[in-house]
Amino acid sequence: MRGDTSGARGTARPATTHPRKATAGRATAWAELLRLPALFTVPGDALAGAAAAGVRPGPRTLLAIGSSLCLYEAGMALNDWADRAEDAVERPHRPLPSGRVRPAAALAAAGALTGAGLALAAGAGRPALTVAVPLAATVWAYDLGLKHTPAGPAAMAAARGLDLLLGAAATGGGTRAALPSAALLGTHTLAVTAVSRRETTGGSALAPLAALATTGALTRLVATHRRIRLPAGRRAAAAPGLPGSGPAGVLATALAAAYAATAARPYFHATLNPSPPLTQRAVGGGIRATIPLQAALAARSGASATSLLIAALAPAGRMFARRVAMRKVSIT
């Protein structure tokens, strides 16, 4: 008789998952895939770019931030899709090798997020789209081909620099004044990415040592650099209180010190003992240090309020990471 033994004594009922738990599990898997805590390092790019261009943030800056967030998340999803075979061996707990997210879904998300990012950039104007297109191309080229080559760190650095220029282009229409800030932020990203290439194997003290030296050089440059004179067409729109040795200069120095304090210690520990756990901590420290660096770049451009807004993203990111129980964030 059909179904007679389904409730018989001694017969195990099939395990079922509560719908709410299943939904929560999927949400957690996607949060891991997209590395949501790292999103707090993204808005500062566009804000620092706007500050470097000498223009107050506005609606177009918000569009640039939205574009940056979408393209960053596209890179995260595409990264794990491209590395799914490698992760099955080295990081089997990740969403794709563990089966919690389907590879096709991750690839589709990367494509959709890229399209959304370009659409938002187009809404901010042609100059922003002109920067967003090579930014998106760099993200895809890195994940699909350049990541495991010697050009990988340089490609990641270029993407972060372009992201800052996106904010400048969207807000002020030009990028020339923001090039020095983009170069400094890109240099920091280059150092972090070089360290991240050994986060699962460890064994190299050279990369964290180079990153430590880079942090010292960047701290000095950001703390002592004087703002480049803006082109004539930008002066009228520039924010008041251009830096010299005034409050903005003091704030830039303080934020540069915060940047150094965040990055230097884990780099130093990884240099002394380049084990996988300490190398991973060094990568995490470098990622977190991105926010005070962005804030310092904004402060040295005279945008004190913007720099404080960026700096506030650091504690917000920590609170969010604790809330979702995702304290370890990787860029690889």
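Residues numbered from 1 in each chain as written. Predicted model: local features only at pLDDT ≥ 70, side-chain atom pairs only at ≥ 80, totals over all residues. Heavy atoms only, no water.

### A short note on the overall build of the protein
Looking only at helices and strands, the protein has 14 helices and zero strands in total. Ordered by position from the N terminus, the helices and strands of the protein form the series α-α-α-α-α-α-α-α-α-α-α-α-α-α. Considering the protein as a whole, with its 332 residues, one finds that 49% of them fall into the buried category. By sequence separation, contacts in the protein at least 24 residues apart represent 78% of the contacts at least 6 residues apart. (Helix = DSSP H or I, 4+ residues; strand = E, 2+ residues; numbered from the N terminus. Buried < 20%, exposed > 50% of the residue type's maximum accessible area, 1.4 Å probe, protein only. Contact = heavy atoms within 4.5 Å.)

### Concerning helix α5 (residues 103–123)
If you check α5, its first and last C-alpha atoms are 30 Å apart, about what 21 residues at 1.5 Å a residue would give, namely 30 Å. Inspection of α5 places Ala105, Ala106, Ala109, Ala110, Thr114, Gly117 and Ala121 among the buried residues, and these make up the whole buried set. Phi turns positive one or two residues past the end of α5, at glycine 125, with a value near 120°. (Expected span 1.5 Å × (residues − 1).)

### Points about the pattern of salt bridges
One pass over the full model with this rule turns up nine salt bridges. In this structure, aspartate 80 and arginine 35 form a salt bridge, with 2.9 Å as the shortest nitrogen-oxygen distance. Residue aspartate 80 is found in helix α3 (residues 59–82), and its partner arginine 35 is found in the loop between α1 (19–34) and α2 (43–52); the two are separated by 45 residues along the sequence. For the pair shown, aspartate 80 and arginine 35 are each scored as buried. Where aspartate 45 meets arginine 160, a salt bridge forms, and the shortest distance between an N and an O atom there is 2.7 Å. Of the two residues, aspartate 45 sits in helix α2 while arginine 160 sits in helix α7 (residues 152–172), which places them 115 residues apart along the sequence. The same class applies to aspartate 45 as to arginine 160, namely buried. What emerges from the salt-bridge pattern is a single network uniting Arg35, Asp80, Glu86, Asp87, Glu90, Arg91 and Arg94. (Salt bridge = Lys/Arg side-chain N within 4 Å of Asp/Glu carboxyl O.)

### Examining the nonpolar core
Of all hydrophobic cores here, the largest spans 60 residues; its most connected members are Leu135, Leu164, Leu166, Val195, Val222, Tyr267 and Leu297. Per element, the largest residue contribution to this core is 11 residues, and it comes from helix α12 (residues 276–300). Setting aside anything within four residues of it in sequence, one finds leucine 297 in contact with Ala48, Leu164, Ser181, Leu184, Leu185 and Val222. Core analysis: the second largest hydrophobic core is formed by 10 residues, Leu33, Leu34, Ala105 and Ala110 among them. (Core = buried A, V, L, I, M, F, W, Y, C linked by side-chain atoms within 4.5 Å.)

### Focus: the side chain of threonine 290
You can see threonine 290 is positioned in helix α12. The exposure class assigned to threonine 290 is buried, which follows from its relative accessible area of 4%. A polar atom in the side chain of threonine 290 sits 3.3 Å from the side chain of histidine 188. Among the polar contacts made by the side chain of threonine 290, one reaches the main-chain carbonyl oxygen of glycine 286 at a distance of 3.4 Å. (Polar contact = N/O pair within 3.5 Å; in protein donor to acceptor, adjacent residues only side chain to side chain.)

### Overview of empty space enclosed by the protein
By the definition in use, this model includes two cavities of 30 Å³ or more. Taken together, 24 residues make up the lining of the largest cavity; nearest its centre are Tyr72, Met76, Met156, Ala159 and Arg160. Secondary structure elements with two or more residues in the lining of the largest cavity: α3, α6 (126–146), α7, α8 (179–196) and α12. Here the lining of the largest cavity gets six residues from one element, more than from any other, and that element is α3. Classifying every residue of the lining of the largest cavity gives 12 nonpolar, eight polar and four charged. (1 Å grid on protein atoms, 1.4 Å probe; cavity = no way out; pocket = protein on both sides within 12 Å on 5 of 7 lines; lining within 4 Å. Points joined across faces, edges and corners; volume = space filled by probe spheres on them. Nonpolar A, V, L, I, M, F, W, Y, C, P; charged D, E, K, R; others polar.)

### Brief notes about α8
An α-helical turn contains 3.6 residues, so a residue and the one three or four places further along point in the same direction. In this model α8 runs 25 Å from its N-terminal to its C-terminal C-alpha over 18 residues, within 8% of the 26 Å that 1.5 Å per residue would give. Taken together, the buried positions of α8 are Ser181, Ala182, Leu184, Leu185, Gly186, His188, Thr189, Ala191, Val192, Thr193, Val195 and Ser196. Along its buried surface, α8 packs onto α2, α6, α7, α9 (206–224), α11 (247–272) and α12.

### Considering the environment of aspartate 87
Mapped onto the fold, aspartate 87 is located in helix α4 (residues 84–90). Placed 11 residues apart in sequence, aspartate 87 and serine 98 show a C-alpha to C-alpha distance of 9.4 Å. When neighbours within four sequence positions are excluded, aspartate 87 is seen to be in contact with Asp80, Pro92, Arg94 and Pro97.

### Focus on the confidence of the model for the protein
Of the residues in the protein, 84% have a pLDDT of 70 or more, and the chain-wide mean is 87. Note on residues 1–14: pLDDT is under 50 here. Beyond four places in sequence and across chains, it has three contacts. (pLDDT = per-residue confidence, 0-100.)

### Some thoughts on unusual backbone geometry
For arginine 35, which is not glycine, the phi torsion reads 50° and is therefore positive. By relative accessible area, which is 5% here, arginine 35 ends up buried.

### Focus on the environment of serine 307
Along the chain, serine 307 falls in helix α13 (residues 304–311). By relative accessible area, which is 0% here, serine 307 ends up buried. In contact with serine 307, not counting residues within four places along its chain, are Leu251, Leu255, Ala295, Ala298 and Ala299.

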